[in-house]
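Overview (structure and organization)
Single-letter residue listing:
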Amino acid sequence: MSQPDPRTPADETFDASVFEDRAPSVGHLLRDRIAATPERTAYSYPAGIAWDELTWAQIGEKVWALAAGLVDLGIQPEDRVALASSTRIDWVLGDYAIMAAGAATTTIYPTSISDDVAFIIDNSGSTVVIAEDAEQVAKLREVRDAIPDVTTVVVIDPQGVDLDEWTITFADLEERGAARLASEPGLVDARIDGTGPGSLATIIYTSGTTGRPKGVRLLHSAWTYQGAATRATGMLSADDVHYLWLPLSHVFAKVLLLISTDVGMHTAVDGRLDKIVENLGEVRPTFMAAAPRIFEKVYATISLSMAAEGGAKAKIFDFASGVARDVSKARSEDRKVGVLLGLKHTIADKLVFAKVRERFGGRVRFFISGSAALNQDVAHWFNGAGLTILEGYGLTETSAAATVNRPYALRVGSVGWPTQRTEIMVAEDGEILIRGEHVMEGYHNNPEATAEVLGPDGWFHSGDIGEIDERGFIKITDRKKDLFKTSNGKYVAPSQIEATFKGLCPYVGQFLVHGNNRQFVTALITLDEEAIRPWAEANGIPDASYTEIVSSLQAREMVQSYVDELNAGLNRHEQIKKFHILGRDLTVEDGELTPSLKLRRKVVADKFKGDIDEMYPS
C-alpha cells in the first residue's frame, strides 16, 4: 500500500542539463528528433476506416517540402502565417512547416466568425492563410477587403472550393516546395539555422471573454522550455502513446505538440469529439489531456447508466465509487491507506474499475486536466479508479503549463507544483504572479495591455487569485475579475461554486453564479441535452422537446434537489437562493462560450439580464 509522500518542490530532482542543452528553436528540435529516431512512429491519424502512420523521417520530408513552399511564396523570417483548421494531421504539418521556414504561426479557431477572423489576420499582419476547407475559405472571401495583406490562401481540403489566383491547395504547396528543394536542398535548414530562442514562433489570440482578443507573442524559447521541463520530470517518454483531440488553435493543445517532439512519443491526432470514446479503444493511449467538462461528462454518463441498471449493479457501483474516493482522499491528504480500505479497494477494482479502465483502452497512466477548475469529487473518483488525473494550470500568456501535479506528488484541489525553473509568487491581494522562460514576450502591437500585466522585473500578473500550501501545492480559488461582493459586503468566488455543482448534478450543462451588488446569490442553469433525454423518459415526459423538458416541474424539482445539496456545503452568504433554467444550452456560435468552452460571463449576464433581474425583488 502506498505511503504518504512528504516531498516539496525543493526536494524534486531533475536533470538540469535538459535546459542548458535544449534546441535553440522548434525547427532545431524537430530536426534533432528526426535524426535521433527517424523510423519511430511520430503521428497516426484517421484515413477512412483505418489509421495511417507517419514516422519522424516521413514527417520531416513533408514538413521540409511545405516549409520550402512557404519560402517560395515569399514568406520571410518572423512573417506570420495564419492557420484556420480543426485538429487534424495537416494542422500539425502546417504548424511545423511555418516554424521550420522561420515564420510564426497565427492560430485561428475554425469556429470563429468572419469578423473575428478578419481582425486576427489583420492585427497579426498575416500574409498567408492555411485554411481547412470550403467553409473557412468562404469566411476569408467574405472579409477579403479587410485583409489586403493576404497574398495566398492554402486550402487543405479543396472539395467545393473554386480555386483561383488567390488560392492553392495544400498538396500544391508541398509539390511547389519539393521542386524548390530539388534545386536548393539546404533552403529549409538555412532558415532553421537562422532562427533562435528569441525569434517569434507563435501568436495566439486570447479567447476574449471581454472585448477584442489580444495576440499573445510566444517565442521559440517558450516552446522549447515546455518540452525540456516535461522531459526533466520524467513524466513522459518515447514509449508513451498520446491521444490528441483538443483544438490545436488553443495553447493547451499546441504545447502538447512540442512536448511530443521533445520526448519523441507517438501521438494519435483526431479532433472529432464524437469519436473520442471509439478512438480510445483503438488508440489505447497511455496519456491524454482534456478540459474538465470531458471528465465530468464521462463520470456523469457512467454513473447515470449504472443508476439506470438498478439493483445489484447500482449498489456495487455506489460501493466502489465511495471506496475510490476514500482511497484518493487519503493519498491526496498524505494519509496511509489502511488495511481494511485497501482490501475494499481491491474488491472494487476487480468488480468495477478494471472494466472502466478498459473503456479508455486499458493503458492510461494518467490524464492532464487544464483550462478550468476540475470538480474534486470527480477527480477523486477517477484517481481512485486507477485513472489518475493530474490537474495543471497555465494561461496563453505562459505558453500553457506553469504548474502541474506529478504522478508522485498529487494533491486534489490543487494545480500542483510549478514546472521546473518557474517562479510563482502570491501578491498581497492574493493574485498569482508567474516568472519564467515560458512567459510571453508581450501582446502583439499592444504595449498598453502588455504593461498592465507584465512588469519590468518579468513577473506576469495572471489575474487569478490563489494560495500556496505548506508542501508547495498551488491552489487557484478564482479569477480576480470574477470575484464579486453582495450588497451585504460578502465576497463570493463563483468558479469554485460552479465546479462543485457540475460534480454533483450529472444533468447540468452550464451553471453561472450571479450576485454582484445584489442581496443574495442566484444562478442561471442549462441542462445537457444528451443527458436529460433519458432522464425525461424515466420521469414520464418521453416525447417532450428539450424546451418542454427543462421548463417542466419535474426538471425544476430535480435541479432544486441538487442545489439543496450544493448549498449544504456552502457558507450562508454563498448559497444559491434562487435559480433559473434557460430554455437552451449555451454555445460557441452564439458567443456565450469561448472556442475553448469557457463561459463568457459578461455576455451571458447581459443576454439574460431579464431572467436574472426577475430573480431579485424590485
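Below is a summary of the structure that appears in this document. Each chain has its residues counted from 1, running along the sequence as written. Side-chain atom pairs in this predicted model are given and counted only at pLDDT of 80 or more, local residue features only at pLDDT of at least 70, and totals for whole chains, interfaces and linings cover all residues. The side-chain figures draw on all heavy atoms in the structure; neither hydrogens nor water molecules are used.

Bringing the sheet that holds strand E24 (residues 508–514) into the picture now. Within the open sheet, the three strands sit side by side as E24-E25-E26. Their pairing is mixed. The open sheet has two edge strands with one neighbour each: E24 and strand E26 (576–581). With direction set aside, neighbouring strand axes in the sheet form an average angle of 25°. Two elements, strand E25 (residues 521–527) and E26, share five bridges in a ladder whose sense is parallel. Bridging across to E26, Ala 523 finds its partner in Phe 579. Each of E24 and E26 is contacted by helix H17 (residues 494–504), which is oriented at about 150° to E24, the strand it contacts most. Two strands pair if DSSP finds at least two bridges between them. Helical segments are the DSSP runs of H or I of at least four residues, strand segments are the runs of E of at least two, and each set is numbered from the N terminus. Axes, fitted as lines to C-alpha atoms, cover a helix only where it is in contact. Angles between the N-to-C directions of the axes lie from 0 to 180 degrees. Should any heavy atoms of two residues lie within 4.5 Å, those residues are considered in contact.

It is worth spelling out the pairing of E25 at this point. Along any regular strand, the residues point their side chains to alternate faces of the sheet. Within E25, seven of the seven residues are buried, leaving the element largely enclosed by the surrounding structure. Between E24 and E25, which pair antiparallel and follow one another directly, the connecting turn spans six residues, one of which, Asn 517, has a positive phi of 60°. We call a residue buried when its accessible area falls under 20% of the maximum for its residue type, exposed when it is over 50%, and partly exposed in between, using a 1.4 Å probe and counting protein chains only.

Now for the nonpolar core. Throughout this description, the term nonpolar core refers to a set of buried Ala, Val, Leu, Ile, Met, Phe, Trp, Tyr and Cys residues connected via side-chain atoms within 4.5 Å. Of all hydrophobic cores here, the largest spans 124 residues; its most connected members are Tyr 43 and Phe 382. One finds Tyr 507, Ala 536, Ala 555 and Ile 581 within the second-largest nonpolar core, a separate group that totals 33 residues.

In this section: the environment of Thr 111. Its location among the elements puts Thr 111 in the loop between strand E4 (104–108) and helix H5 (114–124). Using a relative accessible area of 41% as the deciding quantity, one classes Thr 111 as partly exposed. Sequence separation between Thr 111 and Thr 594 is 483 residues; the distance between their C-alpha atoms is 9.6 Å.

Assignment of secondary structure puts Ser 25 in the loop between helix H1 (17–20) and helix H2 (26–36). Judged by its relative accessible area of 1%, Ser 25 falls in the buried class. Within the structure, Ser 25 has its side chain in polar contact with the backbone nitrogen of Gly 27 (distance 3.4 Å). In contact with Ser 25, not counting residues within four places along its chain, are Ile 192, Thr 195, Gly 196, His 220 and Thr 224. Here a polar contact is taken to be a pair of N or O atoms separated by no more than 3.5 Å, where protein atoms must pair a possible hydrogen donor with a possible acceptor and residues adjacent in sequence count only if both atoms sit in side chains.

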